[in-house]
Amino acid sequence: MQETLIKNVRPLAGSAVDILVQDERIAAVGPSLTSSAPDAQVIDGDGHLVLPGFADAHTHIDKCTVGLGWYSRRSGRSWAEMIKDGQDYRERPDFDHHVQSSRQARASIAAGTTHLRTFVDIDPSARLKGLEGVLKTREDLAGALTINIVAFAQSGLLVTPGVEKLLEEALQNGADSVGGMDPAYYDRDPVKHLDVIFGLAEKYDKDVDIHFHEVGTLGAFTCELIIERVKTLGWHDRTVISHPNFLGDIEPAYADRLIEELAENRISITSNGPGGSHPNPPVKRLHQAGVACGMGNDGVGDTWNPFNRPDVLNRAYLVAFRNRLSGDDELEIALDLATYGGARVMRAESYGLEVGCYADLVLLPGETHVQTIIERPTERLVLKRGRIVARDGECLV
Ligand SMILES: [Zn+2]
């Protein structure tokens with residue numbers, strides 16, 4: 001039996017304890033633990049905080065440009081132009097979906113991410129190349145990072161012929177979830193779009209993640225259509241709305257009603273703490289209503305924008321900043337989104353710091369856990385299932 005004994009750590013800033021890991025899972029938490037295994041790995045936690053591994057619940061590792069030189073983005077592009085730029089970039093002879101997704105995934109591990117949900121573009125240009133590359137990355141890093149894959153209609157589902165068929169192939173070939181995009185705004189027919197997406201989910205027994213940029217009452221209307229389908233199919237706990245920014249852009253009473261319905265129907269959300277003039281979903285209100293909320297770094301160094309980094313603590317800072325979550329109790333909510341909330345969104349198995357959970361852990365210095373969002377220390381020790389996978393910003397796998 002493989003054992004790891006972590007001495008002197010403070011779970012979520014609680015009292016100092018030891019953590020004993022046996023066969024990938026936390027076997028005991030308490031003072032003065034010992035290991036009986038002669039070859040046990042012993043880690044001196046030095047009084048550091050220990051948090052569950054970070055959950056990046058929404059990113060796009062198939063689009064990462066890091067390592068290929070600076071990508072110059074033209075300002076003022078339309079949505080369609082940005083989609084086309086991404087497609088053209090990935091046609092470069094030096095762009096390899098496996099290599100690029102691997103670069104981002106390793107940077108995520110280095111920063112403490114143990115669970116990641118990535119969208120992967122499925123369209124007539126990429127076809128299944130992105131999926132195949134990300135599947136290889138998932139295989140390479142199995143045991144270091146849990147990767148959940150959403151087959152994603154980035155170029156639209158109805159407006160781009162052939163995507164439905166390709167999505168179906170992606171679901172038959174390793175994707176975990178099916179992802180729609182802007183059913184009304186981009187695809188112009190939200191009823192048909194959602195019927196196709198939920199139809200594929202039902203046919204292949206997959207989860208759903210709808211990527212939103214729709215704002216105002218248009219987004220709210222599409223949200224109502226999603227709620228209808230979740231009720232009809234019973235897709236509770238299996239449906240995510242990514243970037244429900246419209247909730248910050250409609251009458252507060254209407255937003256409250258939709259939030260209650262999301263909670264009742266166990267529909268999850270993710271946010272990236274949108275910048276600029278984008279409206280912002282009220283994550284504190286959503287969290288308090290009981291909606292499973294995660295956060296995501298979105299595309300890291302992609303062709304869309306240069307801002308996103310692979311560090312979930314950095315994202316927690318941005319989400320806290322955008323939502324003015326400044327009290328410790330509020331920063332606690334931001335940290336929940338970065339850990340337990342994101343894990344709930346991804347339906348991660350045996351996640352947490354309790355006995356029986358997988359030992360997916362981040363050790364980092366700090367007086368209290370919420371402080372880490374503000375200071376984002378680079379000194380981090382990352383364990384996946386009890387094995388050290390990164391130290392101080394360096395991925396070791
Ligand atoms: Zn996204």
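Here, the structure is the one placed above.
Heads up: these notes are all about the structure in this document. (Residues numbered from 1 in each chain as written. Predicted model: local features only at pLDDT ≥ 70, side-chain atom pairs only at ≥ 80, totals over all residues. Heavy atoms only, no water.)

**Here's the deal with the coordination of the zinc ion**
Six octahedral donors around a metal ideally sit at 90 or 180 degrees from one another, while four tetrahedral donors ideally sit at 109.5 degrees. Under the convention used in this document: Any nitrogen, oxygen or sulfur atom within 2.8 Å of a metal ion counts as a donor, with the limit raised to 3.2 Å for Na, K and Ca, and since water is left out, coordination shells can look unfinished. Square planar and octahedral sites, with four and six donors, are those where opposite donors lie more than 155 degrees apart and all other angles lie between 65 and 115, tetrahedral sites have four donors with every angle between 85 and 135 degrees, and the rest are irregular. The numbering of helices and of strands both runs from the N terminus, where a helix is a DSSP run of H or I of at least 4 residues and a strand a run of E of at least 2.
Every protein donor of the zinc ion is accounted for by His58 (NE2), His60 (NE2), His211 (NE2) and Asp298 (OD), and the metal-donor separations fall at 2.1 to 2.2 Å. Given four donor atoms and angles of 87 to 158 degrees at the metal, the environment of the zinc ion is assigned as irregular. Considered as a linear motif, the donors of the zinc ion on their single chain read H-x1-H-x150-H-x86-D. Of this pair, histidine 58 sits in strand β5 (residues 54–59) while aspartate 298 sits in the loop between β12 (293–295) and α9 (312–322), and the two are 240 residues apart along the sequence.

**Observations concerning the pairing of strand β9 (residues 207–211)**
Definition in use: Think of it in three bands: residues with accessible area under 20% of the maximum for their type are buried, residues over 50% are exposed, and the middle band is partly exposed, with areas taken using a 1.4 Å probe on protein chains only. Pairing between two strands is assigned when DSSP locates at least 2 bridges connecting them. Orient the strands so they point away from the viewer; a crossover is then right-handed if the path from the first strand over the helix to the second runs clockwise.
Within β9, five of the five residues are buried, which leaves the element mostly enclosed by the surrounding structure. Judged by which residues are buried, β9 turns out to be covered on both faces: Asp207, Asp209 and His211 on one side and Val208 and Ile210 on the other are all buried. Direction of pairing for strand β8 (residues 177–181) relative to β9: parallel, over a ladder of five bridges. The partner of serine 177 across the bridge, within β9, is aspartate 207. The parallel pair β8 and β9, bridged by helix α5 (residues 190–204), forms a crossover whose chirality is right-handed. Across four bridges, the pairing between β9 and strand β10 (residues 239–242) is parallel. Note on β10: the bridge partner recorded for aspartate 209 is valine 240. Between the parallel pair β9 and β10, the chain is carried across by helix α6 (residues 216–233), and the sense of this crossover is right-handed.

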